[in-house]
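Chain by chain, the residues:
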Amino acid sequence: MTLDRLRPLADRALRPFVAGSVRLGLTPDVVSVIAFVLAVGAAIGFYRATPLAYVVGALLVFLNGWLDLLDGALARQLAVDSRAGDLLDHVLDRYADVVIVGGLAAGIEGYALGFLSVTGVLLTSYLGTQAEAVGLTREYGGLLGRADRLALVGVTGLAMAIVPRVAGMSLVAWLLVLFAVVGHLTALQRFWGAWRDLSS
Ligand SMILES: O=P(O)(O)OC[C@H](O)CO
């Protein structure tokens, strides 16, 4: 379902924000750090687990995703080709993934689900990086890439304020089940894609 295909559309929508960031003197690294701080704020909201905290957490996650796109667009606009910046961005994204899913899991005390979700999420990204490490193009797609995950977390956070439980289980628990199952499937899907490309 990857939303990553919408990147060209997002790039166009980002133009005024890129121009604004340039005027403010923001660098891509600063934007990456701000995005991470917002992810920590979202995780605290999810851990508090009140309807209002879920809504605030959801909005912060949407903002985190937006800034994740903005730092790359800003780097391209400023023609900054910084390997250190790329490293910082990816490392902060992974920590953001961990704190967001960790906050959701802690909020409902679903630690086993949290463990399976976090490993699925991290292995998805790892397989993309690993494909790049063996000389293939970095793979962002698949069933559940980061853009999809952030969109689902945001929508679930908002929905928690309206319908917190479905079929006797918290909506957050359903989301973590999805991340646990589809996250690992996406990792395997990326592995299979890379394996096929290398074997052909
Ligand atoms: O490999 P993904 O889909 O988890 O995405 C990783 C990147 O950090 C997205 O900016």
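Under an unreviewed UniProt entry, the name given to the protein chain is CDP-diacylglycerol--glycerol-3-phosphate 3-phosphatidyltransferase, and the organism recorded is Halanaeroarchaeum sulfurireducens. Taken from UniProt, the Sequence similarities (unreviewed entry) comment for the protein chain reads in full: "Belongs to the CDP-alcohol phosphatidyltransferase class-I family."

Draft legend 1. Structural detail: the packing of aromatic side chains. Evaluated as defined, the whole model comprises 3 aromatic pairs. Measuring from ring centre to ring centre gives 5.3 Å for Phe-17 and Trp-66, while their planes differ by 80 degrees; the resulting arrangement is edge-to-face. Of this pair, Phe-17 sits in helix α1 (residues 7-24) while Trp-66 sits in helix α3 (residues 51-77), placing them 49 residues apart in sequence.

Draft legend 2. How the structure looks around the side chain of Arg-190. As for its position among the elements, Arg-190 is in helix α7 (residues 171-199). A polar side-chain atom of Arg-190 sits 2.9 Å from the main-chain carbonyl oxygen of Thr-124. Contacts of Arg-190, omitting those with residues within four sequence positions, involve Thr-124, Ser-125, Leu-127, Gly-128, Arg-138, Glu-139, Tyr-140, Gly-141 and Gly-145.

Draft legend 3. The UniProt feature "transmembrane region" (unreviewed entry) in the protein chain, seen in detail. Under the UniProt annotation, the feature "transmembrane region" (unreviewed entry) is placed at residues 21-46, 52-74, 95-123 and 171-192. Along residues 21-46, the helical share is 88% and the strand share 0%, with 29 Å between the first and last C-alpha atoms. Annotation note: span residues 171-192, helix share 100%, strand share 0%, distance between end C-alpha atoms 31 Å.

Draft legend 4. Molecular detail of the site of the ligand. Inspection of the region around the ligand gives Asp-68, His-90, Asp-93, Arg-94, Ser-125, Arg-138, Tyr-140, Gly-145, Arg-146, Arg-149 and Arg-190 as its neighbouring residues. One of the side-chain nitrogen or oxygen atoms of Asp-68 is found 3.1 Å away from an oxygen atom of the ligand. One of the side-chain N or O atoms of Arg-190 is found 2.8 Å from an oxygen atom in the ligand. Protein contacts shield 96% of the accessible area of the ligand, which totals 310 Å² for the unbound molecule. Elements represented by at least two residues in the shell around the ligand include exactly α4 (83-107) and α6 (146-160). At 3 residues, α4 tops the list of elements feeding residues into the shell around the ligand. Class assignment of the residues belonging to the shell around the ligand gives a composition of 1 nonpolar, 3 polar and 7 charged.

Draft legend 5. Geometry of the environment of Ser-82. Mapping Ser-82 onto the fold places it in the loop between α3 and α4. Judged by relative accessible area, Ser-82 falls into the partly exposed class, the value being 29%. For the pair Ser-82 and Leu-198, spaced 116 residues apart in sequence, the C-alpha to C-alpha distance is 28 Å.

Draft legend 6. Examining the packing of α4 against α7 more closely. Where α4 meets α7, the closest approach of the two axes is 9 Å, and the angle between their N-to-C directions is 135 degrees. Taken together, the axes of α4 and α7 are oblique relative to one another. For α4 against α7, the interelement crossing comes out left-handed. On α7, the residues that touch Val-101, Leu-104 and Ala-105 of α4 are Val-172, Leu-175, Leu-176 and Phe-179. Along the lines of polarity and charge, the residues of the contact of α4 with α7 split into 7 nonpolar, no polar and no charged.

Draft legend 7. Just the pattern of salt bridges, in detail. Summed over the entire model, instances satisfying the criterion amount to 6 salt bridges. The salt bridge partner of Asp-93 is Arg-146, with a shortest N-O separation of 3.6 Å. Of this pair, Asp-93 sits in helix α4 while Arg-146 sits in helix α6; the two residues are 53 residues apart in sequence, bridging distant segments of the chain. Residue class for Asp-93 comes out buried when judged on its relative accessible area of 9%. Salt-bridge contacts for Arg-149 lead to Asp-97; the nearest nitrogen and oxygen are separated by 3.2 Å. Remark: Asp-97 occurs in helix α4 and Arg-149 occurs in helix α6; sequence separation between them is 52 residues. With respect to class, Arg-149 is no different from Asp-97; both count as buried.

Draft legend 8. Quick look at a nonpolar patch on the surface. Taken together, the side chains of Leu-59, Phe-62, Val-155 and Leu-158 make up a nonpolar region of the molecular surface, amounting to roughly 340 Å² of accessible area. Mapped onto the nonpolar patch, the elements with two or more residues apiece are α3 and α6. The topology assignment puts Phe-62 in helix α3.

Cut-offs used in this document
- Residues numbered from 1 in each chain as written.
- Predicted model: local features only at pLDDT ≥ 70, side-chain atom pairs only at ≥ 80, totals over all residues.
- Heavy atoms only, no water.
- UniProt positions renumbered as here; feature names shortened; annotations may be inferred.
- Phe/Tyr/Trp six-rings, centres within 6.5 Å; stacked < 30°, edge-to-face > 60°.
- Helix = DSSP H or I, 4+ residues; strand = E, 2+ residues; numbered from the N terminus.
- Polar contact = N/O pair within 3.5 Å; in protein donor to acceptor, adjacent residues only side chain to side chain.
- Contact = heavy atoms within 4.5 Å.
- Near = heavy atom within 4 Å.
- Areas by Shrake-Rupley, 256 points an atom, 1.4 Å probe, with all protein chains shown as cover.
- Nonpolar A, V, L, I, M, F, W, Y, C, P; charged D, E, K, R; others polar.
- Buried < 20%, exposed > 50% of the residue type's maximum accessible area, 1.4 Å probe, protein only.
- Axes fitted to C-alpha atoms, helices over the stretch in contact; angles between N-to-C directions.
- Parallel < 35°, antiparallel > 145°, perpendicular 65-115°, else oblique.
- Left-handed = near helix turned anticlockwise from the far one by under 90°.
- Salt bridge = Lys/Arg side-chain N within 4 Å of Asp/Glu carboxyl O.
- Patch = residues over 30% accessible without salt bridge, like charges linked within 9 Å, V, L, I, M, F, W, Y side chains within 5 Å.

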